[in-house]
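Each chain, written out:
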Amino acid sequence: MNLFNIISELEKVDPEIMDRLSHRRSALSALGSLGKKMALAAAPIAIGSAFNKAVGQNTLNTANEVLNYALLLEYLEEDFYAQALAAPTLAANLTSGSAARGAIQTIKNHETAHVNLLKAALGTNANPRPASFDFGNAFLTYPTFLTFAQAFEDTGVRAYKGQATKIQSANQPAILQTALQIHSVEARHAAHIRYMRRGAAAGGQSNIMPWVVGKEANGAPDAVYGAGNPAATFPAEDNITQATLTLTTGLGATYTAADVSAAFDEGLDNTTVTTIARSVVTF
Amino acid sequence: MSDSVVTKFLTRSLHRRSFFRIGGAVAAATTLTLAGCGDDPVAPTGSSVLSLGQADAGLLNYIYVLEQLEAAFYQQVLAAAPADMSTEDKDLLTQIYQHEVVHRELLLQALSVAGAGVLSNLEFTFASLSLSSRSGVLTAARMFEDLIVAAYNGAAPLFADGTYLLLLGKIVSVEARHAALMHDLLQPGSFADNSVVEASGTFAGLERTLTVAEVITELNKYLVIKVSADNLPTA
């Protein structure tokens, strides 16, 4: 690759990129007497992550922005399950009194509760519910519905996780506590939706585990399990490196990439999450 | 989020950043290996109680002991699985066991870097549990998985150093997935029932948390040598 061309292209898009890179990256300023482009050329491996960090995509700056972002996701999930429970195409599977309907109703109730919690926390700062959510072909069949549900729940888990340190650095311990308690509920939902997909009515997909193995999307959009931005902070779900250690071989024994990747859920930045949502939902 | 908290987490002692990261990662791994050889054992606080330590290192020890508990439990169960457990049951529990071992070993490395005394190789006893049937095993597994989710959710905000938060967050949602599965295997549809998630009231939709003290009480039921959380932060 030609780094000079890349830098030059970046400067066209973002004229301040060199300033941002040098401000953010202590190593670059430490090499002040060298030309900045020379310094970058000497560190080809670093350029990708340096650029990603300089334009990090967690663009939410205040606790209220984080909460409104979470609120939008909860509005979306709540509406998704409400539409599913009312969809004629799903009536044969979500029959009254069935375990499947009970589970979807439980999840829908939780999403409603999360909406109410977030609205209460935001007070008059709460953004209104979008006029409508169009989920396209999501409710065409029962397996399709569950595929979408898996995508939304797994994305939800990644989305909350992606904001955790932001909330903490905003010194909002009560909000952090609440977010953690929502986060694990979303993970329970995700596990159950995945478990439902193993069942006969959903196609008996016994390869689908309650946890995320590698970045296998099981029919959901690949981006749900892909890397966020910056990828160093928000790697894809097949990540096997934690805290700089390659866990398959770095823990004194050998573990499979499948087990290592499944042992950790990765976070996602808000821009990537919103892009995923808008790729399958019109709102 | 400006910096990679996870990278910072293990490389902080090197004070290396930026494009020294690649070299730093190798150095960190080497340091870890060496540190692992030189750990001082945590001094007992009394005749038969082990202190978890204090501050962030103590909290890491707390999480580490919980992961040891889970791994020891699944190891024992899988070594003599009840006859009425299906192949699928055993496959699912085996995968969970592997996740817990990876968590346990990573936390051991994290403790070494944090310069903390480490409570390694603790001995557990599950004699009080009925583990001779599928339902007995799954009931115990459900209890432990729910316990650890509540413990993580309660402890995560106590860390002074935010660098640990994302890592713990990556683990706790996997524990919640385990917990949901154990619920479903025992009673389909109970993945997030009102034993763990508030169904009504002000806190509806939130998973319950447990304080360190509450978790330690449960944990000590299965430890041969008990631990003390007396010096851990509570708020």
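Structural data are supplied above this passage.
Residues numbered from 1 in each chain as written. Chains lettered and ligands numbered in written order. Predicted model: local features only at pLDDT ≥ 70, side-chain atom pairs only at ≥ 80, totals over all residues. Heavy atoms only, no water.

A. Representation of the overall build of chain B. Secondary structure summary: chain B contains seven helices and two strands in total. Taken over 235 residues, chain B has a buried fraction of 54%. Here chain B displays about 9200 Å² of accessible surface, and carbon together with sulfur accounts for 54% of that area. (Helix = DSSP H or I, 4+ residues; strand = E, 2+ residues; numbered from the N terminus. Buried < 20%, exposed > 50% of the residue type's maximum accessible area, 1.4 Å probe, protein only. Areas by Shrake-Rupley, 256 points an atom, 1.4 Å probe, with all protein chains shown as cover.)

B. Here's a closer look at the overall build of chain A. Within chain A, the secondary structure is distributed over 11 helices and two strands. Ordered by position from N to C terminus, the α and β elements of chain A give α-α-α-α-α-α-α-α-α-β-β-α-α. Counting over 283 residues, chain A shows a buried share of 55%. Across chain A, every contact between residues at least 6 apart in sequence was considered, and the portion connecting residues at least 24 apart equals 72%. Carbon and sulfur atoms make up 56% of the accessible area of chain A, which totals about 11200 Å². (Contact = heavy atoms within 4.5 Å.)

C. Structural view of the packing of helix α6 (residues 63-86) of chain A against helix α7 (residues 99-122) of chain A. Residues and elements named next belong to chain A. Viewed as axis vectors pointing N to C, α6 and α7 meet at an angle of 150°, and their least axial separation amounts to 8 Å. As summarised for this structure, α6 and α7 are arranged roughly antiparallel, according to the angle between their axes. Of the two possible hands of crossing, α6 and α7 adopt the one that is left-handed. Split by residue class, the contact of α6 with α7 holds 13 nonpolar, five polar and seven charged. (Axes fitted to C-alpha atoms, helices over the stretch in contact; angles between N-to-C directions. Parallel < 35°, antiparallel > 145°, perpendicular 65-115°, else oblique. Left-handed = near helix turned anticlockwise from the far one by under 90°. Nonpolar A, V, L, I, M, F, W, Y, C, P; charged D, E, K, R; others polar.)

D. Geometry of the pattern of salt bridges. Taken as a whole and assessed by the stated rule, the structure comprises 14 salt bridges over all chains. For A:Arg198, the salt bridge is made with B:Glu88, and the minimal N-O distance between the two is 2.4 Å. With one member in each of two chains, A:Arg198 in helix α9 (residues 173-198) and B:Glu88 in helix α4 (residues 87-113) form a pair that bridges those chains. Its relative accessible area of 12% is what places A:Arg198 among the buried residues. B:Arg104 serves as the salt-bridge partner of B:Glu105, at 2.9 Å between the closest nitrogen and oxygen. One salt-bridge network, in which partners are shared between bridges, spans A:Asp154, A:Arg194, A:Asp265 and B:Arg177. (Salt bridge = Lys/Arg side-chain N within 4 Å of Asp/Glu carboxyl O.)

E. Up close: helix α7 (residues 212-219) of chain B. All names here are of chain B. Those residues of α7 not exposed but buried are Val 212, Val 215, Ile 216 and Leu 219. For α7, the buried positions fall inside an angular range of 105° around the axis, keeping them on one side. Each element contacted by the buried residues of α7 is listed here: α3 (55-79), α5 (134-155) and β2 (226-228). (Arc of directions from axis to C-beta.)

F. Region of the structure containing the packing of aromatic side chains. According to the stated counting rule, one finds 20 aromatic pairs over all chains in the structure shown. Measuring from centroid to centroid gives 5.2 Å for B:Phe73 and B:Tyr74, while their planes differ by 70°, and the two rings are edge-to-face. Look at B:Tyr74 and you get buried, because its relative accessible area is 1%. A ring pair is formed by B:Phe73 and B:Phe126, whose centres lie 5.6 Å apart and whose planes are at 75°; its orientation type is edge-to-face. Of this pair, B:Phe73 sits in helix α3 while B:Phe126 is found in the loop between α4 and α5, placing the two residues 53 residues apart along the sequence. Here the aromatic cluster, defined as three or more aromatic residues joined through ring pairs, consists of A:Phe80, A:Tyr81, A:Phe133, A:Phe135, A:Phe139, A:Phe145, A:Phe148, A:Phe152 and A:Phe283. (Phe/Tyr/Trp six-rings, centres within 6.5 Å; stacked < 30°, edge-to-face > 60°.)

G. Representation of the nonpolar core. In this structure, A:Phe80, A:Phe145, B:Tyr62 and B:Phe73 are the most contacted members of the largest nonpolar core, which totals 146 residues. Of all the elements, α6(A) adds the most residues to this core, at 13 residues. Excluding anything up to four places from it in sequence, A:Phe80 contacts A:Phe135, A:Ala138, A:Phe139, A:Phe145, A:Phe148, A:Ala149 and A:Phe152. (Core = buried A, V, L, I, M, F, W, Y, C linked by side-chain atoms within 4.5 Å.)

H. Layout of helix α8 (residues 142-169) of chain A. Residues and elements named next belong to chain A. Taking 1.5 Å per residue as the helical rise, α8 with its 28 residues ought to reach 40 Å, and the 42 Å between its terminal C-alpha atoms agrees with that figure. Helix geometry: α8 is bent most strongly at Gln 163, by close to 30°. The element α8 is largely enclosed, with a buried count of 25 among its 28 residues. (Expected span 1.5 Å × (residues − 1). Bend = angle between axes of the 7 residues up to and from the residue.)

I. Unusual backbone geometry, seen in detail. In this structure, A:Pro230 follows A:Asn229 across a cis peptide bond, with omega equal to 0°. Inspection of the secondary structure assignment puts A:Pro230 in the loop between α9 and β1 (241-242). One non-glycine residue, B:Ala55, lies in the positive phi region at around 55°.

J. Representation of the packing of α6(A) against α9(A) within the structure. All names here are of chain A. Closest axis-to-axis distance for the α6/α9 pair is 13 Å, and the angle between their directions is 25°. Taken together, the axis directions place α6 and α9 in an arrangement best described as roughly parallel. Crossing handedness for the pair α6 and α9: left-handed. Residue-level contacts link Ala 63, Leu 67, Glu 74, Glu 77 and Tyr 81 of α6 to Ile 175, Ile 182, Glu 186 and Ile 193 of α9.

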